[in-house]
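Structural overview
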Amino acid sequence: MALRLCMTAFNANRCRLRHPGRKLDMCTAEATASLLQAEETFSACLAQIDALIFKPLLQAEPHDQRGKDNFKLFLLLNDRFQALWNFTEECYRILKQKCSTSESFCIQDFYTVRKGELFVRLYVQYFVTFANYVVVHGFEHATKSKSEAWKHHKTVLKQFLTDFTSETSTSLALYVVLHKPIRDHVEQYVLLLTKLNEALKEGPEKDLVTGAIKEYMKLESFISQVLDEACFTKALWKSLGYKFTDMLCVPERRLLEDSRNLPISTSTNRSDRILLFDDVLVLIQGNSFQSFDLKLVWVDKNCREKLAPGVYGLRIITPEETFLLSARDPQVKAVWRWKLNQAIRQALNGKRDFPLWGKTGEGTEPLSCRCFSYDFKLEGKFKSATYEGEWRWGKPHGKYGNEMVYKGYFKDNMRQGFGILENFSADHPFKYTGQWENDKKNGYGVWDDKDRGERYIGTWHDDHKHGQGIVVTQSGICYQRTFHAGKMVGSGILLLEDDSVYEGNFMEDLTFVGKGKLSFANGFVLEGTFTNKSGQGLQTQGILNTSNEQLDDRITKAQLGLKQFPVEKRWKGIYDQFLEFIHSGCKEEMEESFMGFHIQTSKELRTQEYLFCQRGTEDVSWKIEDILEELVQQQELKSLHCYLEKALKSSLHPLGKLLKALMIAFQATYSGIGANRHLLTLAQEEVKYYAKKIWEFYQGLLHLALEQKGQLPTKSVDGETSDQNACSIVLPLILPCFYPELFMLYMLYHEREDDLYCQGIVDLSLLPDIKLLEFLDVQKHLWPLKDLTLTTNQRRSLIKDKCFLSATECLQKLITTVDPREKLVILQKTYEEIESTVSRVVEKDYKLPMDDLLPLLMYVVSRAKIQHLGAEIHLIRDLMDPTNQGGLYDFLLTALESCYEHIQRMRLHQRENCHGTHSP
């Protein structure tokens, strides 16, 4: 079937979709049939495009440099195309399978709705790359290829491109074929969903389909705009000489306006042509040009210079030059000013608007204060100098550099509440994340000393370390001391990297002094008085106990800071700010205080920035009145879960803001140097408390919303129920945000046990299936010998990794999720797979008693070879929903723990036998 015929089939399908059915069931069936037909036709079309265009062109790699650059872009376009094709094939297969096995359908069966986000992303990626290829004249260069493979294929291709007869139109034909069928297919989805929507009654399903239609219509608009911009930009490069094209043409760069299209000029006739791109402003005069980075361009509508009558000017300010743009029409001036400001704003944000020029009436002025680096080029006192810091209207503003930057909250122009102070100076770089009071560090905070390579976690008073504190070093040493005005006082506990523990007094350089006790990792204990004389090293008078007793785990795995830093007293600055926002009735003036951090460089308050994202970069506005209205409507468990998930992912929703601030605090404490096993419990209880506070604040917002609507607030629940909701609803939603740092601590804490377990797994993996089943005392009538299919020259006794394969593969999925609930479900499915295999072997339903389950589970665990299983088990145990305790999940987790510990004991027993000792 020719490509032309495929495109004709598209139009036929689109006509069919314009006749909606009378009944919902009939409509759904018709829509499904239309979708299947459309997908089958589209998939066939993509297959031909791949065979007739992509594969031949991929074999025709050019030898010139420009051709090679374009070829790399074509390779990326091919990748995007293949992803789109694979997605189409997968969805067609799923829908066809659903049609063959079910007579009833629901809205969720349409992947155009269910997988809408992935759908849009794949099409956006394809058309962005396609537009980039168009801009650099990719098709023209490709069709001029001198490759013999392409010359041979060009003749074959023309018989399929029957709509294009000109000898020179091959590039145009390729352009049309590589975008029109795909673009038309998006239109088909809109038509199909529109037909479906007309038959639906008001309700959640109709709302879902309506939302999907809007997204696809936005996608249609996006495709139209990116193609228009690409063609507009391509035409420009064609009209300019090679000198300009070689220096200015970048695949991602787009022309936004041209003075030949919208007349404007410089008042000094310094340019023949003015071009506005999405990243630079270009002035062309003769054979030379100047370009100005939009991030450092300011547009002043109020010209101070006198202009001739009937001339309207814009003052353009850059770090080294100021010049006028003048127009003969005030409307032309207004359009240029608006386009310049929107282009500058988008360049500063690093993101284009969607739709590309923003919605009607939207679009704020770009910030006048900006922080960037610039190299001065023109003659003058700054020539060849580099300025890195803040600018205001083209001039350096404030200090020459941003050595000291504070991002946080202020009160009466003083740092107050939660904030981050960072010094980028090479002399003494540091970072403080924590509580401020009256412009000084006060309360709980974390200090990173980048010179010394250590982190202090603890309390502060008047800018000094004061009270209890923990210090963690890059070398793995960790200690807890009392501080007074920045100095260590009293005794403390010092945990060394080799697992030795010192309890007593020690100096800042960590030398022991005075009375103390040193417990070695081998169980020896030295207790006495320590001195450290110059040139004589460490000396002591005391008693050495060599009874070789194992060092108490309570000491070697000591968890610091639990009593000293109650979890409810950490990060009060973050919680208090949010609480104040709620107590104010979520007033707009308070919203800015809560939603945005202020930034301060040197000693002056400069501007406000939004720490997590710029306003306008998210589709959802999250206005406070809308938030409170939706809170009242989303109180049922299922809808509440979806609402909280959406809110917590947003950088503009108050709960999302709160979560992002807590992420910053958590990473400041436990990432990098803070990844120390002695901080595990501190981190674990902190994450649980985050979930509790987020649930509390959600309840506070809901209470406020109900009050404002004149409704009675829901009855307050007791503390136990509230904690349970926090654990079951909020914790699974926020855990992925803290999982990398938290799981690293679990791995470090259980490193020894996991190493011993892994050695045991290596030993067991050497055994064939039958030998391993026999070794683990699995009853012979439960052995799945039918699974041990033999091939030529194989012996059954040597076959490996065949028995209980489905259960093994199921258990291996344990590491693919971070949610303890999902990990427990995987464990349950593993148990069910084991039981199913056994039932098949004995040819009847078989309920596994514990005596049978443990050896079988041990077999599966040994074959699954999960690294860090101890860390996985303990994370599940610590963070699982309390309601699961004592149930099936608890039972299965206990069984898994038993297997893990038994494998360790087997390895330990083997090691002791190797050393000639006897097992206990």
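A short tour of the structure in this document, coming up. (Residues numbered from 1 in each chain as written. Predicted model: local features only at pLDDT ≥ 70, side-chain atom pairs only at ≥ 80, totals over all residues. Heavy atoms only, no water.)

Let's shift gears to the sheet that holds strand β7 (residues 312-317). Pairing is antiparallel in the open sheet, where four strands are placed in the order β2-β8-β7-β6. Of all the strands in the sheet, the pair left with one neighbour each is β2 (265-266) and β6 (298-300). As judged from the two bridges shared by β2 and strand β8 (residues 322-327), these two strands associate in the antiparallel manner. Paired with Ser265 across the bridge in β8 is Ser326. Contacts between helix α12 (residues 330-349) and the sheet are confined to β6, β7 and β8, with β7 contributing the most and set at about 20° to the helix. (Pairing = 2+ DSSP bridges. Helix = DSSP H or I, 4+ residues; strand = E, 2+ residues; numbered from the N terminus. Contact = heavy atoms within 4.5 Å. Axes fitted to C-alpha atoms, helices over the stretch in contact; angles between N-to-C directions.)

Glancing now at helix α24 (residues 820-842). Relative to the 33 Å expected for 23 residues at 1.5 Å per residue, α24 spans 33 Å between its end C-alpha atoms, a close match to the ideal helical length. Within two residues after α24, Glu843 carries a phi angle of roughly 60°, on the positive side. (Expected span 1.5 Å × (residues − 1).)

Moving on: the packing of helix α5 (residues 116-135) against helix α10 (residues 204-239). Where α5 contacts α10, the axes come no closer than 9 Å and their chain directions differ by 10°. Between α5 and α10, the angle falls in the class roughly parallel. In contact with Gly116, Phe119, Val120, Tyr123, Val124, Phe127, Val128, Phe130, Ala131, Val134 and Val135 of α5, α10 contributes Tyr216, Leu219, Phe222, Ile223, Val226, Leu227, Ala230, Thr233, Lys234 and Trp237. Tallied by class, residues from the contact of α5 with α10 come to 18 nonpolar, two polar and one charged. (Parallel < 35°, antiparallel > 145°, perpendicular 65-115°, else oblique. Nonpolar A, V, L, I, M, F, W, Y, C, P; charged D, E, K, R; others polar.)

It is a general feature of regular strands that their side chains alternate between the two faces of the sheet. With four bridges joining them, strand β19 (residues 487-495) and strand β20 (residues 501-506) adopt antiparallel strand pairing. Its bridge partner lying in β20, Leu495 is registered against Val501. Taken together, β19 and the strand that follows it, β20, pair antiparallel across an intervening segment of five residues, in which Asp499 is found at a positive phi of about 75°. Alignment of β20 against strand β21 (residues 512-519), held across five bridges, turns out to be antiparallel. Along β21, the bridge assignment pairs Val501 with Ser519. Once β20 ends, the chain turns through five residues before running back antiparallel as β21, passing Leu510 with a positive phi of about 70°.

Attention now goes to the sheet that holds strand β3 (residues 273-277). Strand order across the open sheet formed by four strands is β1-β3-β4-β5, with antiparallel pairing between neighbours. Of all the strands in the sheet, just β1 (255-258) and β5 (288-293) have a single pairing partner and so form its edges. Averaged over neighbouring strand pairs, the angle between their axes works out to 20° when direction is ignored. Bridge count between β3 and strand β4 (residues 280-285): four bridges; the pairing is antiparallel.

Look at His137: it is not a glycine, yet its phi comes out positive at around 60°. Within the secondary structure, His137 is located in the loop between α5 and α6 (138-143). One non-glycine residue, Ala485, adopts positive backbone phi at about 50°. The topology assignment puts Ala485 in the loop between β18 (478-484) and β19.

Counting through the fold element by element, Leu896 comes out in helix α27 (residues 888-914). When the C-alpha positions of Leu896 and Gly870 are compared, they lie 9.8 Å apart, and in sequence the two are 26 residues distant. Contact partners of Leu896, with chain neighbours within four places excluded, come to Leu827, Leu857, Val861, Leu869 and Ile873.

All told, the structure shown has five cavities of 30 Å³ or more when counted by the stated rule. Of the volumes computed, that of the second largest cavity is approximately 50 Å³. As for the second largest cavity, its lining consists of Cys727, Ser728, Leu731, Pro732, Asp819, Pro820, Arg821, Leu879, Met880 and Asp881. Counting residues per element, the ones that place at least two in the lining of the second largest cavity are α20 (719-749) and α24. Along the lines of polarity and charge, the residues of the lining of the second largest cavity split into six nonpolar, one polar and three charged. (1 Å grid on protein atoms, 1.4 Å probe; cavity = no way out; pocket = protein on both sides within 12 Å on 5 of 7 lines; lining within 4 Å. Points joined across faces, edges and corners; volume = space filled by probe spheres on them.)

What follows covers the pairing of β4. Within β4, five of the six residues are buried, leaving the element largely enclosed by the surrounding structure. Bridging between β4 and β5 involves six bridges; their strand directions are antiparallel. Bridge assignment links Val282 to a residue of β5, and that residue is Ser291. Between the end of β4 and the start of β5, which pair antiparallel, lie two residues, with Gly286 showing a positive phi angle near 60°. (Buried < 20%, exposed > 50% of the residue type's maximum accessible area, 1.4 Å probe, protein only.)

With that settled, consider the packing of aromatic side chains. Counting across every chain of the model gives 43 aromatic pairs. Here the aromatic rings of Tyr126 and Phe130 are separated by 6.1 Å at their centres, their planes lie at 20°, and the arrangement is stacked. Here Tyr126 and its partner Phe130 are both found in helix α5, four residues apart, which amounts to about one turn of the helix. The same class applies to Tyr126 as to Phe130, namely buried. Among the aromatic residues, those joined into a cluster by ring pairs are Phe54, Phe74, Phe81, Trp85, Tyr126, Phe127, Phe130, Tyr133, Phe139 and Tyr175. Its end group placed over the ring of Tyr406, Arg415 keeps NZ or CZ at 5.0 Å from the ring centre. The ring of Tyr432 carries the charged tip of Lys441 above its face, separated from the ring centre by 5.6 Å. (Phe/Tyr/Trp six-rings, centres within 6.5 Å; stacked < 30°, edge-to-face > 60°. Lys NZ or Arg CZ within 6 Å of the ring centre and 35° of its normal.)

Take it as geometry only, folks, not as evidence of what the structure does.
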